[in-house]
Amino acid sequence: MTKYVLGLDQGTTSSRAIVFGHDGRAVGTAQQEFEQLLPRPGHVEHDPEAIWESQLAVAKQALAAAGVSAAELAAVGVTNQRETTILWERDTGKPVANAMVWQSRASAEICDRLKSDGLEPLFRDKTGLVIDAYFSGTKIKYLLDQIDGLRTRAERGEILFGTVDTFLIWRLTNGRRHVTDLSNASRTLVFNIHTLDWDDELLRVLDIPRAMLPEVLPSSHNYGAVAADWLGAAVPIGGDAGDQQAATFGQACFAPGEAKNTYGTGCFMLMNTGDTPRRSQNNLLTTIGWGLDGRVTYCLEGAVFIAGAVVQWLRDGLGLIRNSAEVERLASSVPDSGGVVIVPAFTGLGAPHWDPYARGAVFGITRGTTAGHLARAALESMTLQTRDVLDAMQRDAGIRLDMLKVDGGASVNDLLMQFQADILDTVVRRPTVAETTALGAAYLAGLAVGYWNGLDDIARNWALDREFRPQMGDDERRRRYARWTRAVARTLDWEDRNS
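It should be emphasised that the depicted structure is a prediction, and the values quoted were computed from it without experimental measurement. Sequence positions are assigned chain by chain, starting from 1 and proceeding in written order. It should be noted that, the model being predicted, local features are given only for residues of pLDDT at least 70 and side-chain atom pairs only at 80 or more, the latter also being counted only at that level, while totals for whole chains, interfaces and linings use all residues. Processing note: side-chain calculations cover all non-hydrogen atoms of the structure and skip hydrogens and water entirely.

### Overview of the sheet that holds strand E16 (residues 267-274)
Threshold: DSSP-based pairing: two strands are paired if at least 2 bridges between them are found. Helix and strand labels come from DSSP, where a helix needs a run of H or I of at least four residues and a strand needs a run of E of at least two; each type is numbered from the N terminus. Helix axes are fitted only over the stretch in contact, all axes being lines through C-alpha atoms; the angle between N-to-C directions runs from 0 to 180 degrees.
Spatially, 7 strands are ordered E17-E18-E16-E15-E21-E22-E23 in an open sheet, and the strand pairing comes out mixed. Bordering the open sheet on either side are strand E17 (285-292) and strand E23 (464-468), each of which pairs with just one other strand. Strand-to-strand, the axes of this sheet are offset by a mean angle of 30 degrees, without reference to chain direction. With 7 bridges connecting them, E16 and strand E18 (residues 295-304) associate as antiparallel partners. Among the inter-strand pairings, methionine 269 is bridged to a residue of E18, identified as glycine 302.

### Topic: the packing of aromatic side chains
Threshold: Stacked, tilted and edge-to-face pairs are distinguished by plane angle, under 30 degrees for stacked and over 60 for edge-to-face with tilted covering the rest, among Phe, Tyr and Trp rings (Trp via its six-membered ring) whose centres lie within 6.5 Å. Summary of the burial criterion: residues with accessible area below 20% of their type's maximum are buried, those above 50% are exposed, and those between are partly exposed, where the area comes from a 1.4 Å probe applied to protein chains only.
Applying the stated criterion across every chain yields a total of 18 aromatic pairs. Measuring from ring centre to ring centre gives 5.0 Å for tryptophan 52 and tryptophan 230, while their planes differ by 80 degrees; the resulting arrangement is edge-to-face. Linking tryptophan 52 in helix H1 (residues 48-66) with tryptophan 230 in helix H9 (residues 228-231), this pair joins segments that are 178 residues apart in sequence. The exposure class of tryptophan 52 is buried, given its relative accessible area of 8%.

### Notes on H1
Heads up, the rule is: What a helix should span is 1.5 Å times the count of its residues minus one. N or O atoms closer than or at 3.5 Å make up a polar contact, with two conditions inside protein: a donor-capable atom paired with an acceptor-capable one, and, for residues adjacent in sequence, both atoms drawn from side chains.
Taking 1.5 Å of rise per residue, 19 residues should cover 27 Å, and H1 covers 27 Å from first to last C-alpha, within 8% of that figure. Within H1, the full set of buried residues consists of Pro48, Ile51, Trp52, Ser54, Gln55, Leu56, Val58, Ala59, Ala62 and Leu63. Looking at where H1 begins, the residue whose side-chain oxygen comes 2.9 Å from the main-chain nitrogen of glutamate 49 is aspartate 47. Where H1 terminates, the next one or two residues include glycine 67, which has phi positive at roughly 70 degrees.

### What to know about the pattern of salt bridges
Once their charged atoms are close, side chains differing in charge can pair, the charge on each being opposite to the other. To keep things clear, this is the line we draw: Salt-bridge detection follows one rule: a side-chain nitrogen of Lys or Arg within 4 Å of a carboxyl oxygen of Asp or Glu.
Under the counting rule described, the total for this entry stands at 40 salt bridges. Where arginine 16 meets aspartate 9, a salt bridge forms, and the shortest distance between an N and an O atom there is 3.5 Å. Judged by its relative accessible area of 17%, arginine 16 is buried. Taken together, the shared-partner salt bridges in this structure form one network comprising Arg82, Glu83, Arg187, Asp243 and Glu301.

### A short note on the environment of serine 69
With respect to the helices, strands and loops of the structure, serine 69 is situated in the loop between H1 and strand E5 (73-80). With relative accessibility at 34%, the residue serine 69 sits in the partly exposed group. Taking the C-alpha atoms as reference points, serine 69 and alanine 233, separated by 164 residues in sequence, lie 8.3 Å from one another.

### A look at the pairing of strand E8 (residues 159-162)
The two faces of the sheet receive side chains in turn, since in a regular strand these alternate between them. Alternating positions in E8 separate into two faces, Ile159 and Phe161 on one and Leu160 and Gly162 on the other, with burial throughout. When strand E6 (residues 86-89) meets E8, the two strands line up antiparallel, connected through 4 bridges. Note on E8: the bridge partner recorded for leucine 87 is phenylalanine 161.

### Considerations on the nonpolar core
As a reminder of what qualifies: Here, nonpolar core refers to any group of buried Ala, Val, Leu, Ile, Met, Phe, Trp, Tyr and Cys residues whose side-chain atoms link them within 4.5 Å. Any two residues having at least one pair of non-hydrogen atoms within 4.5 Å are treated as being in contact.
The biggest cluster of nonpolar side chains holds 103 residues, and the ones touching the most others in it are Tyr134, Met212 and Trp354. With near-sequence residues (within four places) excluded, methionine 212 lies in contact with Leu87, Ile140, Leu144, Ala154, Ile159, Leu160, Phe161 and His178. Within the second largest apolar cluster, 37 residues are counted, among which are Leu8, Ile51, Leu63 and Leu217.

### Details of the packing of helix H10 (residues 243-250) against helix H15 (residues 436-448)
What counts, and what does not: If an angle is under 35 degrees, it is roughly parallel; if it is over 145, roughly antiparallel; if it lies from 65 to 115, roughly perpendicular; otherwise it is oblique.
Two elements in contact, H10 and H15, have axes whose closest approach is 7 Å; the angle formed by their N-to-C orientations is 75 degrees. One finds that H10 runs roughly perpendicular with respect to H15. Each of Asp243, Ala246, Ala247, Phe249 and Gly250 in H10 lies in contact with H15, whose residues at this interface are Thr436, Thr437, Leu439, Gly440, Ala441, Tyr443, Leu444 and Leu447.

### As for the sheet that holds E5
Judged by pairing direction, the sheet is mixed, and its 6 strands sit side by side in the order E3-E2-E1-E5-E14-E13 without closing on themselves. With one partner strand each, in any of the chains shown, strand E3 (26-33) and strand E13 (225-226) form the two edges of the open sheet. Where strand E2 (residues 14-20) lies against E3, 7 bridges are found, and the strand directions are antiparallel. Bridge pairing links alanine 17 to alanine 30 in E3.

By themselves, these observations are geometric and do not establish any function.
Written as structure tokens, this is what we have:
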């Protein structure tokens, strides 16, 4: 019987499911957006039930689109928006609050107190992360502090914590498995990336009961099985990884020094640094890429909070386009941005600035500014933020990156990819399978059950769709990037810290 692998990709604005064949090509795909909850400025939430329902629905739809039954699946792999935090009741499975999304700055004050207490070096040394509201640890503390009696219940083992992968696997297995993988654990701010265990000292600092934390497993592993009542047959869950690590794996960045950039809601660049964690000197993150065959691969990462989300803002906030696909046509209606610069610091700035109090701004508007200029500036903001990250990464790694692999929904935009090559002065290579996040999860799952035999098997599947080479002159590149850095400087520390 022909076998396939199903990749479940639970993202920030939508849930996807893709059925892959042995050649790494998609044979069935489904995607569904769900509501973004914005209770007040800087706070971003999701309904956990909407996450679950949308992910289950697209799993069934992808199988139907492929004409594949669950009995024909060799395995299921799960990948997810990473730091988003969900707390739920062990007995009922009911969430105790909305999910706190990775973009949410609700715990920024907690982070400020930790920094003022001089604890940043402690967290940095143990986790490879900076103290920021981005990560799960301070979100857990925020919820335990805000909801009466919740910490006591968590201490008794009644309340479970999970990133989205953990919540989905718990639901898929009907509550039999409370687990996560090394890559997701490494994004919580309470996992020691050297000892590969939850860190008791950091848990004490944040007053988080260890009893609520999931078991941490390799990224390619037997996680249990999807209960037969969900998809029609019991299917092994063999892979789990945070979305950016999964994309790096799906891009076959298996050698130290290889890097990819994913263009999704946010924008995330990861570079493989091998089996030793490399501490960043330039405000990047040291993170676990994946655990496989008894070995751990580490990465340097630069996280940009708002990338594709700026196009959603053009659509939903300003009404300039009807759907995201229209942005390339609108941006192409003008030869350049007309001097307009958009800094999309809607929820603060990530790497390498790490300023939760920055806010978005549009600079350079004149009477001649059109919707086309705004669309072009929005696209350019993704590439300019990536330049900030790449410059820091090259300083950390001590090498010049001469080629960058790209993926994610926005990577299909040729105008965006050409400007990315121009502003980086680096060759950009886009694979035939742009949705490498789901593919990476599928690869990890397939490896666990012997569907693929090893990394060489996977690397042979990578195929080039298009290569973009720099065309911009050096003077123009310097001028544009200098204007960008001036604009960013004006958005920093904008929000009143006491408001």
